[in-house]
Amino acid sequence: PTNAAEKNYLNESEAETDARMQWWRDARFGMFIHWGIYAVPGGIHKGRSLSGGAEWIMASLQIPKDEYEKFADQFNPTDFDADEWVRIAKDAGMKYIVITSKHHDGFCLWDSDVTEYDVIDATPYDRDILQELEDACNEHGVKLCFYYSIMDWHHPDASGDSFPKYRDEYMKPQLKELVERYDPAVLWFDGEWIKEWTEPQGKELYNYIRSLKPDIIINNRVGKGRQGMQGMNKGEGYAGDFGTPEQQIPATGLEGVDWESCLTMFHHWGYHKNYQKWLRSGDSFIRDLIDTTSKGGNCLLNVGPTPEGTFPPPCVQRLDQIGDWIETYGESIYGSTASPFTKTPWGRCTAKPGKLYLHVYDWPADNKLVVPGLKNKVASAYILGGMEGNKLSTTRKGDDVVIDVPPKMDSVATVVVLEIEGEPEVLPWMA
Ligand code: H79
């Protein structure tokens, strides 16, 4: 029998990695949730309003620890309904949820044994939020995942020479609690840039978490490989299963690398009272999901719930809109891979064996959609979403395939399926 604690999980075979990553690669779309006692001030404290990072209010406004802790007294989210949150995520087409178990401020959303600075012990609320979410996620078949900040502004040992004590007697026991009690599908680390966090601590932590749950997936912020907000690793030799571009989508596709762009709905991650000022359109989120998918990555879209425990209604409205689009066109997203083209003048492309999904943003005025530089023989073409039987005629014009399409249907993105013979072969100037 192998001793799990001594196994080096960094050495797994490609086939083992593929098997472990499969659900995540197929999922393509998840919900990020930033929730903690920073939701109480909601980005505004003593008349000062933050223009970014409402969840950073403790550091940005230099609020002393004892003063900041008082927000916990006011954290009483009586409207929190885990079932409703998970249903909203699921209806939006999201396959997993990543919630902040502990953000940089150190406040914990579960009943941790190693601190009183958590939702059960420090607030008037007496329900274990992570437990309720786990139950609801199991009920609805959504994967529950945890964000965990290595940086901790609250724990007295979390900086300087005492850091190893914080790491061994606080952080690792907390992570063990999270993994063993709630069985998360992903651990999403952050705050790894602090000077105390050095290699090989990242690799060791990665191995430790995998020894607790061998099939767990862990982001690259567990170690020191990340290149800033661009999020991909600097090179080989770092732990972590996927890159983490933050507030951005890579300009081009990234072959053979797993990554996930995390994006905000209203510029802040945590709730801000003036969130409407920054709130983006539902159309833009759908296009972001298509864009990440077409480049071979996942999209993790963030919601910052209110201190009462609800998603702001305009956020729910946008999530509903995404869900409506996905209901029609989801086949082009889930389980699909990156576009074989670098440029598609009218929009984006995703792929599955034998199929190209053409996400048309700019509908051709003459209703002739040109797929440039595609060598394959075309088997058929149709529009997704109940119109599979309505075949579109296609013609080859030199290197291009031209599809006769009806007038524009969906103003965000209409998906035209092109069934082709064999692996996609595109001309080099298009690849
Ligand atoms: O949790 C959300 C934000 O609160 C958090 N990450 C997302 C998911 C976040 N923390 N910091 N920032 C966002 C911006 C800070 C970036 C910096 Fe750095 C940290 C600049 C210097 C240290 C990371 C490491 C980027 C460059 C080096």
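Since the model is a prediction, treat every value here as computed from it, not as a measurement.

What counts, and where the lines are drawn
- Residues numbered from 1 in each chain as written.
- Predicted model: local features only at pLDDT ≥ 70, side-chain atom pairs only at ≥ 80, totals over all residues.
- Core = buried A, V, L, I, M, F, W, Y, C linked by C-beta atoms within 7 Å.
- Buried ≥ 20, exposed ≤ 12 C-beta atoms within 10 Å, placed from the backbone.
- Helix = DSSP H or I, 4+ residues; strand = E, 2+ residues; numbered from the N terminus.
- Domains from an automatic or database assignment.
- Contact = placed C-beta atoms within 7 Å.
- Nonpolar A, V, L, I, M, F, W, Y, C, P; charged D, E, K, R; others polar.
- Axes fitted to C-alpha atoms, helices over the stretch in contact; angles between N-to-C directions.
- Parallel < 35°, antiparallel > 145°, perpendicular 65-115°, else oblique.
- Left-handed = near helix turned anticlockwise from the far one by under 90°.
- Near = placed C-beta within 6 Å.
- Pairing = 2+ DSSP bridges.
- Expected span 1.5 Å × (residues − 1).

Asker: Tell me what's going on with the nonpolar core, and back it up with residues and numbers.
Answerer: If you look at soluble globular proteins, the nonpolar side chains tend to sit buried side by side. Counting residues in hydrophobic clusters, the biggest one holds 112 residues, and the most contacted among them are Ile-97, Val-98, Leu-358 and Val-416. With six residues, the single largest contributor to this core is helix 10 (residues 313–329). Inspection of this core shows a minimum of three residues originating in each of domain 1 (4–332) and domain 2 (347–420).

Asker: Quick one: what's the story with the domain arrangement of the chain, residue by residue and with numbers?
Answerer: Taken domain by domain, the chain comprises domain 1 (4–332) and domain 2 (347–420). The gap between the C-alpha centroids of domain 1 and domain 2 is 37 Å. With twelve residues of domain 1 at the contact, the number on the domain 2 side is ten residues. Those elements giving two or more residues to the side of domain 1 that touches domain 2 turn out to be helix 9 (282–294) and helix 10. Among the elements that take part in the side of domain 1 that touches domain 2, helix 9 stands out by supplying seven residues, more than any other. A per-class count over the side of domain 1 that touches domain 2 returns four nonpolar, four polar and four charged.

Asker: Describe the packing of helix 4 (residues 82–91) against helix 6 (residues 129–140), naming the residues involved and giving the relevant values.
Answerer: The geometry of helix 4 relative to helix 6 is characterised by a closest axis approach of 8 Å and an angle of 45° between their N-to-C directions. Taken as axis vectors, helix 4 and helix 6 run oblique relative to one another. For the pair helix 4 and helix 6, the sense of crossing is right-handed. Between helix 4 and helix 6, the contacting residues are Ala-82, Asp-83, Val-86, Arg-87 and Lys-90 on the first element and Glu-132, Leu-133, Asp-135, Ala-136, Cys-137 and His-140 on the second. When the residues that make up the contact of helix 4 with helix 6 are grouped by side-chain class, the tally is five nonpolar, one polar and five charged.

Asker: Break down the site of the ligand for me, with residues and values.
Answerer: Around the ligand lies a shell formed by His-34, Gly-53, Glu-55, Trp-56, Asp-190, Trp-193, Gly-228, Met-229, Glu-246, Cys-262 and Trp-269. Of the residues contributing to the shell around the ligand, the split by class is five nonpolar, three polar and three charged.

Asker: Go over the sheet that holds strand 11 (residues 355–360) with me, naming the residues and quoting the values.
Answerer: As a general point, the strands of a sheet are linked pairwise by backbone hydrogen bonds and lie either parallel or antiparallel. Spatially, 10-11-16-13 is the arrangement adopted by the four strands of the open sheet, whose pairing is antiparallel. A strand with exactly one partner marks an edge of an open sheet, and here the two such strands are strand 10 (347–352) and strand 13 (378–383). Strand after strand, the sheet turns through a mean of 20° between neighbouring axes, direction not considered. Taken together, the six bridges between strand 10 and strand 11 define a ladder with antiparallel strand orientation. If you follow Cys-349 over to strand 11, its bridge partner there is Leu-358. On top of the sheet, helix 9 reaches strand 10 and strand 11; it is set at about 50° to strand 10, its chief contact.

Asker: Which residues make up helix 9, and what are the values?
Answerer: In a regular helix each residue adds 1.5 Å, so 13 residues correspond to 18 Å; helix 9 covers 19 Å between its end C-alpha atoms and thus fits that length. Every buried residue of helix 9 is listed here: Gly-282, Phe-285, Ile-286, Leu-289, Ile-290, Thr-292, Thr-293 and Ser-294. In this structure, the buried residues of helix 9 make contact with strand 1 (29–33), strand 8 (260–264), strand 9 (298–303), helix 10, strand 10 and strand 11. Once helix 9 finishes, Gly-296 follows within two positions and takes phi at roughly 85°, a positive value.

Asker: Talk me through the sheet that holds strand 6 (residues 186–190); I want residue IDs and the actual numbers.
Answerer: Taken together, seven strands build an open sheet; the order of strands is 7-6-5-4-1-9-8 and the sheet is parallel. Lying at the two open borders of the sheet, with one neighbouring strand each, are strand 7 (217–218) and strand 8. By the bridge criterion, two bridges tie strand 6 to strand 7 in an arrangement that is parallel. Considered in strand 7, the bridge of Leu-187 is made with Ile-218. Each of strand 4 (96–102) and strand 5 (143–149) is contacted by helix 6, which is oriented at about 150° to strand 5, the strand it contacts most.

Asker: Give me the lowdown on the packing of helix 7 (residues 163–182) against helix 8 (residues 201–212), citing residues and values where you can.
Answerer: Two quantities define a packed helix pair, namely the angle between the helix axes and the distance between the axes. At a minimum axis distance of 10 Å, the contact between helix 7 and helix 8 shows a crossing angle of 30°. Along this stretch, helix 7 crosses helix 8, giving a crossing that reads as right-handed. Here helix 7 contributes Lys-172, Leu-175, Lys-176, Val-179 and Glu-180 to the contact with helix 8, which in turn contributes Tyr-208, Ile-209 and Leu-212. Class assignment of the residues belonging to the contact of helix 7 with helix 8 gives a composition of five nonpolar, no polar and three charged.

Asker: Can you lay out the environment of Cys-349 for me, pointing to particular residues and giving the numbers?
Answerer: Residue position: Cys-349 is located in strand 10. Linking Cys-349 and Lys-102, residues 247 residues apart in sequence, is a C-alpha distance of 37 Å. Once residues lying within four places of it in the same chain are set aside, the contact partners of Cys-349 are Ser-294, Ser-339, Phe-341, Thr-344, Leu-356, Tyr-357, Leu-358 and His-359.

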